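Below are the chains, spelled out letter by letter.
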Amino acid sequence: MSWHGGPLVGFDLETTGTDVESDRIVTAAVVRLEPDGTVSRERTWLLDPGVAIPEQASVIHGITTGHARKHGVPAASAVEEITGAVAEVLRSGTPLVVMNARYDLSLLDRECRRYGLRSISERLGVLPSPIVDPLVLDKHVDRYRKGKRALHALCAHYGVPLDDAHDARADAVAAVRVVRRMGERHHPVGALSLTDLHALQVRAAAAQSASLQSYLRRTTNPSAVVEPAWPVIPRSR
């Protein structure tokens, strides 16, 4: 059976910002979709991140500081549950679909460090795998296509509905449906084993980072340093 023809689990975070080293998780979702597309299992979390949620983040995902403090669970206990749930998926060998995995998985890793918890890698004894990243794969299979590559744009391109963008559950489900369409449409990628697919994304992410860094240095930001590692940015200390 092809990797996209079996069960897939989507994972998504909504956060306080875009810096994996300093920003915090606000909501999270782990959702399993069966081959027929039905959701068979799901877990969602609303956290009190312990810091104020910037207005620009609240505008995107709809969660204010007051709402998170009133209804959210303590961040440390939620991060433990989220990390355990993700590790359980990967330990089972089920592919974990994460849009822009480098961001979500790195931020989760830093949250584990913040609260003195074991990371996914420490729980598994290896780097997280098998990961399927719609962003990395789409850039690889359709390198020269013009336009945005955000999840809403990929959903439009692959004909996947996304009715509640920036809701962690909705985004996790949409990401799974996008990679299924991608695997069906792009047969050389769809036919790969999970091991080969993961290795392909490691190489593709590094090449994409190098290309972006070269572009930035020629144009707007000559001192730019774009992280090549995938799916988790190594800790600096």
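Residues numbered from 1 in each chain as written. Predicted model: local features only at pLDDT ≥ 70, side-chain atom pairs only at ≥ 80, totals over all residues. Heavy atoms only, no water.

Considering the pairing of strand β1 (residues 8–15)
Buried residues dominate β1, accounting for eight of its eight residues. Burial along β1 is two-sided: the residues L8, G10, D12 and E14 and V9, F11, L13 and T15 are all buried. Relative to strand β2 (residues 25–33), β1 is paired through eight bridges, and the arrangement is antiparallel. Note that in β2 the partner of F11 across the bridge is V30. When β1 meets strand β5 (residues 96–97), the two strands line up parallel, connected through two bridges. (Buried < 20%, exposed > 50% of the residue type's maximum accessible area, 1.4 Å probe, protein only. Helix = DSSP H or I, 4+ residues; strand = E, 2+ residues; numbered from the N terminus. Pairing = 2+ DSSP bridges.)

Digging into the pattern of salt bridges
In the structure shown here, the tally under the stated rule is twelve salt bridges. A salt bridge links R113 to E21; its shortest N-O distance comes to 3.1 Å. Separated by 92 residues along the polypeptide, R113 in helix α4 (residues 101–114) and E21 in the loop between β1 and β2 bring together distant segments of the chain. Take R113: its relative accessible area is 24%, and that puts it in the partly exposed class. We classify E21 as partly exposed; its relative accessible area is 34%. With a closest N to O distance of 2.9 Å, R110 and D109 form a salt bridge. Neither residue differs from the other here; R110 and D109 are each classed as buried. (Salt bridge = Lys/Arg side-chain N within 4 Å of Asp/Glu carboxyl O.)

Looking at unusual backbone geometry
With an omega dihedral of 0 degrees, the bond running from S129 to P130 counts as a cis peptide bond. Inspection of the secondary structure puts P130 in the loop between α5 (120–124) and β6 (131–132). Here the amide bond leading from W230 into P231 is cis, since omega sits at 10 degrees, within 30 degrees of zero. In this fold, P231 is placed in the segment after α10 (194–218). Phi at N100 takes a positive value of approximately 55 degrees, unusual for a residue other than glycine. Along the chain, N100 turns up in the loop between β5 and α4. Backbone geometry places H166, a non-glycine residue, at a positive phi of 75 degrees. Relative to the helices and strands, H166 is located in the loop between α7 (151–158) and α8 (168–185).

Quick notes on α7
For α7, the set of buried residues is L151, A153, L154, C155 and Y158. Residues of α7 that are buried make contact with α6 (134–141) and α8. The positive-phi residue at the C-terminal boundary of α7 is G159, with phi of around 70 degrees. (Contact = heavy atoms within 4.5 Å.)

Brief notes about the environment of G5
Structurally, G5 is set in the segment before β1. A relative accessible area of 26% means that G5 is categorised as partly exposed. Spatially, the C-alpha atoms of G5 and A174 are 16 Å apart, while their sequence positions differ by 169 residues. For G5, the contacting residues outside a window of four places in its chain are P35 and R180.

Here's the deal with the packing of helix α3 (residues 75–91) against α4
α4 packs onto α3 with a crossing angle of 130 degrees between their chain directions and a minimal axis gap of 10 Å. On the basis of their axis angle, the class for α3 and α4 is oblique. Note that α3 runs across α4; the crossing there is left-handed. Residue-level contacts link V79, I82 and T83 of α3 to L108, E111 and C112 of α4. Grouping the constituent residues of the contact of α3 with α4 by class yields four nonpolar, one polar and one charged. (Axes fitted to C-alpha atoms, helices over the stretch in contact; angles between N-to-C directions. Parallel < 35°, antiparallel > 145°, perpendicular 65-115°, else oblique. Left-handed = near helix turned anticlockwise from the far one by under 90°. Nonpolar A, V, L, I, M, F, W, Y, C, P; charged D, E, K, R; others polar.)

As for α6
For α6, the complete set of buried residues consists of P134, L135, V136, L137 and D138. Tucked into the core, α6 has its buried residues touching β5, β6, α7, α8, α9 (187–190) and α10. The opening residue of α6, the one whose side-chain oxygen lies 2.9 Å from the backbone nitrogen of L135, is D133. (Polar contact = N/O pair within 3.5 Å; in protein donor to acceptor, adjacent residues only side chain to side chain.)

Side note on the side chain of T65
When you line up the elements, T65 lands in helix α2 (residues 65–71). Leaving out residues up to four positions away in the same chain, T65 has contacts with V51, A52 and I53.

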